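Single-letter residue listing:
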Amino acid sequence: HNVVIMEAMRNVIDPGFFAIKEAIELVKPVRRVSFQYCQYSSRYDAFKQDNILPVFDYTKSGGALMDLNIYNIHLAVALFGKPKKVHYDANIEKNIDTSGIITLDYGSFKAALIAAKDCKAPIMTSIQGDKGSIIIHTPANTLIGFDHLLNDNTTTPYALQDNKHRMYFEFVEFVKIFNEMNFDKADEMMKNSLIAMDIATKARMSAGVRFKADEAYE
């Protein structure tokens with residue numbers, strides 16, 4: 001029907017993402033990956049007082065995985081594809097994950113995706129290979145800078161020199177896809193979205209996190 005359907009996942013369209021993808025080629029083969037997005041939620045204090053707002057409500061599909069770790073998942077899928085195995089170790093309170101670590105098994109390397117809404121820590125995100133590493137200074141949803149470190153201690157910084165609105169590149173890409181009716185690009189993005197949601201579901205289930213919405217499929 002000539003309809004284009006895509007998920008608005010900005011971090012895999014931003015220039016920073018493509019720069020990271022190129023830099024990975026310089027440190028391959030990849031040995032270890034760690035993505036971290038820990039942000040103390042302004043709603044967590046209310047949650048501890050039993051005032052359950054949507055972001056912590058299992059009946060509304062909330063939790064740290066779906067709110068924050070989902071960006072880590074999308075970044076991992078866009079960079080490395082579908083993993084062989086998925087596991088989630090979560091801190092669960094009142095039927096919802098307030099923080100946790102997803103482990104993705106890619107065979108030749110493992111990826112740890114860490115997210116928290118019940119605590120805060122400096123961003124410590126890295127992609128490590130046997131020729132060097134990539135250190136990302138921002139959360140997975142805002143890829144505007146990183147350092148490319150080689151084993152000889154040579155460091156090459158990357159910073160997006162642009163003051164455009166943070167959603168600018170996403171809108172430009174969407175308009176381009178629509179105008180060109182580029183179904184191949186749209187299908188590729190949708191394929192990655194489906195892989196990401198499969199990972200999110202498998203991760204939740206491995207940790208025993210069940211949403212109200214899951215009941216329709218059980």
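Residues numbered from 1 in each chain as written. Predicted model: local features only at pLDDT ≥ 70, side-chain atom pairs only at ≥ 80, totals over all residues. Heavy atoms only, no water.

Asker: Hey, could you run me through helix 5 (residues 183–207) in this one?
Answerer: Counting along an α-helix, one turn takes 3.6 residues, and residues three or four places apart therefore face a common direction. For helix 5, spanning 25 residues, the distance from its first C-alpha to its last is 36 Å, which sits close to the expected 36 Å at 1.5 Å a residue. Taken together, the buried positions of helix 5 are A186, M189, S193, I195, A196, I199, A200, A203, R204 and A207. Buried residues in helix 5 make contact with helix 3 (64–80), strand 2 (85–93), strand 3 (96–105) and helix 4 (168–180). A positive backbone phi angle near 80° is found at G208, which sits one or two residues after helix 5. (Helix = DSSP H or I, 4+ residues; strand = E, 2+ residues; numbered from the N terminus. Expected span 1.5 Å × (residues − 1). Buried < 20%, exposed > 50% of the residue type's maximum accessible area, 1.4 Å probe, protein only. Contact = heavy atoms within 4.5 Å.)

Asker: Please clarify how the packing of aromatic side chains should be interpreted in this entry.
Answerer: For any pair of aromatic rings, the description rests on two quantities: the centre-to-centre distance and the angle between the ring planes. Considering all chains together, one arrives at 12 aromatic pairs under this definition. Considering the side-chain rings of Y44 and F47, the 5.8 Å spacing of their centres and the 25° angle between planes classify their relative orientation as stacked. Separated by 3 residues within a single helix, Y44 and F47 lie in helix 2 (residues 44–48), roughly one turn from each other. Taking relative accessible area as the criterion, Y44 reaches 7% and is therefore assigned buried. Consider the rings of Y168 and F169, whose centres lie 5.1 Å apart with planes at 85°: the pair is edge-to-face. Here Y168 falls in the partly exposed class, since its relative accessible area comes to 35%. Ring pairing ties together the aromatic residues Y40, Y44, F47 and F56, which thus form one cluster. Between K94 and the ring centre of F47, over which it is positioned, the NZ or CZ distance is 4.6 Å. Positioned over the ring face of Y168 is K164, at 5.1 Å from the centre of the ring. (Phe/Tyr/Trp six-rings, centres within 6.5 Å; stacked < 30°, edge-to-face > 60°. Lys NZ or Arg CZ within 6 Å of the ring centre and 35° of its normal.)

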